[in-house]
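Spelled out from the first residue to the last, the chains are:
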Amino acid sequence: MLISTIAMAIIAAALLAVGFFRGGSQHVDGLRISRDMIVRILPLLVFAFIVAGMVQVLIPRELLAKWIGRESGLRGILMGTIAGGLAPGGPYVSLPLAAGFLKSGASIGTMVAFITGWSLWAVNRLPMEVGIMGVRFTLIRIACTFFFPPIAGLIAQLIFSGTR
């Protein structure tokens, strides 16, 4: 996490310098847009991290192990897939939630299935997709991606179940 933060800081500083040296107010405009994004997204991030933290302390490890831990097997992977497809919000909600579950004892396969299900199924995105792309396209996309989340979870479980 530290390396990612340092890399992002270097990129941000470089882009800020480019904006400054180009002249005009591009760097100020960029900072203003950044501020607006922070104001919009920060509350969601705070609540997502609270949920992720509370998951770690409120849900008993035995219960997590039974339903989404290594012992849960295919059932856990399927639950992760469905939960990911139904998860509301963007990465600001899903990623902290998955990280919280992973730290609380969820299996790597279940969380890979969760994130893959969230990426590919995203039930909350379907009305917009149907409206913009049409029913036929949406059904074709769902048919083509339907089995990927559980398959990704199974692959992750088989290959990486011993790592954390």
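In case you missed it, the structure is sitting above this.
Residues numbered from 1 in each chain as written. Predicted model: local features only at pLDDT ≥ 70, side-chain atom pairs only at ≥ 80, totals over all residues. Heavy atoms only, no water.

### Points about the packing of helix 7 (residues 126-133) against helix 8 (residues 135-145)
One way to put it is that helix 7 packs onto helix 8 with a least axis distance of 7 Å and a crossing angle of 125 degrees. With respect to each other, helix 7 and helix 8 are oriented oblique. Facing Leu126, Glu129, Val130 and Met133 of helix 7, the residues of helix 8 in contact are Val135, Phe137, Thr138, Arg141 and Ile142. When the residues that make up the contact of helix 7 with helix 8 are grouped by side-chain class, the tally is six nonpolar, one polar and two charged. (Axes fitted to C-alpha atoms, helices over the stretch in contact; angles between N-to-C directions. Helix = DSSP H or I, 4+ residues; strand = E, 2+ residues; numbered from the N terminus. Parallel < 35°, antiparallel > 145°, perpendicular 65-115°, else oblique. Contact = heavy atoms within 4.5 Å. Nonpolar A, V, L, I, M, F, W, Y, C, P; charged D, E, K, R; others polar.)

### A look at the pattern of salt bridges
Tallying each qualifying case throughout the model produces three salt bridges. The partner of Arg32 in a salt bridge is Asp29, and the shortest N-O contact between them spans 3.1 Å. Residue Arg32 and its partner Asp29 are both found in helix 2 (residues 26-58); the two are separated by three residues, about one turn of the helix. In this structure Asp29 comes out as partly exposed when scored by relative accessible area, which is 34%. For the salt bridge of Arg141 with Glu129, the shortest nitrogen-to-oxygen distance reads 2.6 Å. Within this pair, whereas Arg141 is found in helix 8, its partner Glu129 is found in helix 7, the two being separated by twelve residues in sequence. On the basis of relative accessible area, Arg141 is assigned to the buried category, the value being 17%. (Salt bridge = Lys/Arg side-chain N within 4 Å of Asp/Glu carboxyl O. Buried < 20%, exposed > 50% of the residue type's maximum accessible area, 1.4 Å probe, protein only.)

### Things to note about the nonpolar core
Proteins that are soluble and globular tend to have nonpolar side chains buried together. In this structure, Val55, Leu64, Ile68, Ala87, Leu97, Ala98, Phe101, Ala106, Met111, Phe114 and Trp118 together form the largest nonpolar core, which totals eleven residues. Going through the elements one at a time, helix 3 (61-68), helix 5 (91-104) and helix 6 (108-120) are the ones with two or more residues in this core. Sequence-distant contacts of Ala87, defined by excluding residues within four places in its chain, comprise Ser94, Phe114, Trp118 and Asn124. (Core = buried A, V, L, I, M, F, W, Y, C linked by side-chain atoms within 4.5 Å.)

### Some points on a nonpolar patch on the surface
A contiguous nonpolar patch, built from Ile38, Leu42, Val46, Phe47, Ile50, Met54, Val57 and Leu58 and spanning about 780 Å² of accessible area, is present on the exposed surface. Along the chain, Val57 falls in helix 2. Residue classification places Val57 among the exposed residues on the basis of a relative accessible area of 60%. (Patch = residues over 30% accessible without salt bridge, like charges linked within 9 Å, V, L, I, M, F, W, Y side chains within 5 Å. Areas by Shrake-Rupley, 256 points an atom, 1.4 Å probe, with all protein chains shown as cover.)

### Re helix 9 (residues 148-160)
In an α-helix, one turn spans 3.6 residues, which is why side chains three or four residues apart end up on the same side. Its 13 residues place the ends of helix 9 17 Å apart at the C-alpha level, agreeing with the 18 Å of an ideal helix rising 1.5 Å per residue. The set of residues buried in helix 9 consists of Pro149, Pro150, Gly153, Ala156 and Gln157. The arc that holds every buried residue of helix 9, seen down its axis, measures 125 degrees, which confines them to one face. Away from its buried face by more than 90 degrees, helix 9 exposes Leu158 and Ile159. Here the buried face of helix 9 lies against helix 4 (73-86), helix 6 and helix 8. (Expected span 1.5 Å × (residues − 1). Arc of directions from axis to C-beta.)

### Regarding helix 8
Within the span of helix 8, buried status applies to Thr138, Arg141 and Thr145. Buried residues of helix 8 fall within an arc of 65 degrees about the axis and therefore sit on the same side. Residues of helix 8 that are exposed and angled more than 90 degrees away from the buried face: Arg136, Leu139, Ala143 and Cys144. Lining the buried residues of helix 8 we find helix 6, helix 7 and helix 9.

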